[in-house]
Amino acid sequence: MDVQSLATVDRETLLSPPAVSAATRGYLAAAQASNTRRAYLADWLHFATWCADRAVDALPATPETLADYVSDSAACGRSTSTIGRRLAAVRSAHLTAGHAVSPTSAALVRKALAGVRRTHGVAPRKKAAITTDEVRAMLATLDPVTPLGARDRALLLLGYAAGMRRSELAALDVDDLEFVTDAGLRIRLRRSKTDQEGRGRLVGVLRGRAAETCPVRAVQAWLEVLGRPTAGPLFRHVRRGGHVAAERISPKVVAMVVQRTGLAAGLDPTGLGGHSLRAGMVTTAARRRAPLTRIMAQSGHLRLDTLMGYVREAELFDDNASGYLEL
C-alpha cells in the first residue's frame, strides 16, 4: 500500500475501528487527548512513509521491519524517547485495526530498542530551569503598553508563578480565573497531562511584592487589553499591528515566547522552552527551601520521585560531599 493510501486509512483505522457506530467512534476518540491523537497520527505516518520507501508492509508490520525501523531511527539521531513514542503509535494502530498482538511486543523489537538505549543512553533532554532574576530580565525586554507585551508578560509571570505546563497555559479560559481580594488569583485547571479525565484542580497564585513582577497585576492588565471578557480563551494570538485575534494560542506559542524573550535577555535560547517556566518554579522554590508538599501542590506533580529530580539538581552544590575533602 502506498503512502497516500495509508494516510487515508490512518484516520479510519488508526483512531477507531471501521465496524463501529459513529457514536462509538466519538467515545473512542475521547479516550485519548487530542494532542495524543495528533501525535500518534504523525508518528504513524512517519512509520508508514518509511515502510513505503522500502516496499515493506506497515500494517501489519513484521518484527524484522520494526527492528530495522528502530535501528534506522537511532542512526538518524532520534532519541530513545522519540523512538519509543513512535513504537507506541505503531502498537496502537495494530491493536485498533483488530490485530490481537502487536509486533512491537516481539522480543526482536524489544532487544533492538534495548540495544539503542545501551548504546546511546536514555537521558532526557531537559529544558533549562529559569530563575526569578532571569524572569525579570525577560520581562524587561517587553513593552507592557502594547498588546503583545501585555500578553507575554502575563503568560511568563503566570506560567512561572503557577508552575504550569505550556499546554495548561494555552488551555486556560477567562472563566477559569477568580480574583481573590487581598490574596491573589485562584485558577481552575480543568484538565492536564496527569488528569486526562478532567477532575480538575485549583492553583493559587499570590500577589507579587513588586508591581512590575506581580503575576496577578499582569493578568489583570492583559484582561483590560481584551476588554474584560467573561468567557473565551485567556491567551490569544496577537497579529501584526497589535490586533488581538479571537482564537487561543497553541502550546508552541508558549515555547516561542520563552525563547524569544530569553534570547532578548541574553540567555541561551537553545535550552529554553515552555517547560522552563514550570521547571524554574520548582527548582527556585526548592532552592529557597519551600516544603516539598507545597511545591507539589502548586505544580500538580503526583510522584515524589519525579519532583525530586528537580530538587536534586537545585541542591547539587548545597552541603556537597566534596566540600568535606578539604581539597
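Placed above this text is the structure.
Residues numbered from 1 in each chain as written. Predicted model: local features only at pLDDT ≥ 70, side-chain atom pairs only at ≥ 80, totals over all residues. Heavy atoms only, no water.

Caption draft 1: Inspection of the packing of aromatic side chains at higher detail. Counting across every chain of the model gives four aromatic pairs. Ring geometry for W50 versus Y69: centroids 5.3 Å apart, planes at 70 degrees, classification edge-to-face. Linking W50 in helix α3 (residues 34-53) with Y69 in helix α4 (residues 63-75), this pair joins segments that are 19 residues apart in sequence. Among the aromatic side chains, those forming a connected cluster through ring pairs are W44, F47, W50 and Y69. (Phe/Tyr/Trp six-rings, centres within 6.5 Å; stacked < 30°, edge-to-face > 60°. Helix = DSSP H or I, 4+ residues; strand = E, 2+ residues; numbered from the N terminus.)

Caption draft 2: Region of interest: the sheet that holds strand β1 (residues 177-180). If you walk across this open sheet you meet the three strands as β1-β2-β3, and the pairing is antiparallel. In the strand order of this sheet, the two ends are held by β1 and β3 (201-206), each with one partner. When the angles between neighbouring strand axes are averaged without regard to direction, this sheet yields 25 degrees. Lying on the sheet, helix α8 (residues 147-162) is in contact with β2 (184-189) and β3; it crosses β3 at an angle near 115 degrees. (Pairing = 2+ DSSP bridges. Axes fitted to C-alpha atoms, helices over the stretch in contact; angles between N-to-C directions. Contact = heavy atoms within 4.5 Å.)

Caption draft 3: Looking closely at helix α5 (residues 80-96). Helix length check: α5 (17 residues) gives 24 Å between terminal C-alpha atoms against 24 Å at 1.5 Å per residue, within 8%. By the burial criterion, the buried members of α5 are T80, T82, I83, R86, L87, A89, V90, S92, A93 and H94. G98 lies just past α5 and shows a positive phi near 105 degrees. (Expected span 1.5 Å × (residues − 1). Buried < 20%, exposed > 50% of the residue type's maximum accessible area, 1.4 Å probe, protein only.)

Caption draft 4: View of the environment of A112. Mapped onto the elements, A112 comes out in helix α6 (residues 107-120). Along the sequence, A112 and D68 sit 44 residues apart, while their C-alpha atoms lie 8.4 Å from each other.

Caption draft 5: Here's a closer look at the side chain of T82. For T82, the position within the fold is in helix α5. T82 gets classed as buried once you look at its relative accessible area, which sits at 17%. There is a polar contact of 3.0 Å between the side chain of T82 and the side chain of S79. (Polar contact = N/O pair within 3.5 Å; in protein donor to acceptor, adjacent residues only side chain to side chain.)

Caption draft 6: Looking closely at unusual backbone geometry. Note that the residue after L59, namely P60, is joined by a cis bond; omega there is 0 degrees. By secondary structure assignment, the location of P60 is in the loop between α3 and α4. The backbone of R228 sits at a positive phi, close to 55 degrees, despite the residue not being glycine. With respect to the secondary-structure elements, R228 resides in the loop between α10 (215-226) and β4 (236-238). Despite not being glycine, R289 has its phi angle at roughly 65 degrees, a positive value. Mapped onto the fold, R289 is located in the loop between α12 (275-287) and α13 (292-299).

Caption draft 7: Inspection of the packing of α12 against α13 at higher detail. Between α12 and α13, the shortest axis-to-axis distance is 10 Å and the interhelical angle comes to 165 degrees. Here α12 lies roughly antiparallel to α13, going by the angle between them. The crossing of α12 and α13 is right-handed. Contacts from R278, M281, V282, A285 and A286 in α12 reach I295, Q298 and S299 in α13. Class assignment of the residues belonging to the contact of α12 with α13 gives a composition of five nonpolar, two polar and one charged. (Parallel < 35°, antiparallel > 145°, perpendicular 65-115°, else oblique. Left-handed = near helix turned anticlockwise from the far one by under 90°. Nonpolar A, V, L, I, M, F, W, Y, C, P; charged D, E, K, R; others polar.)

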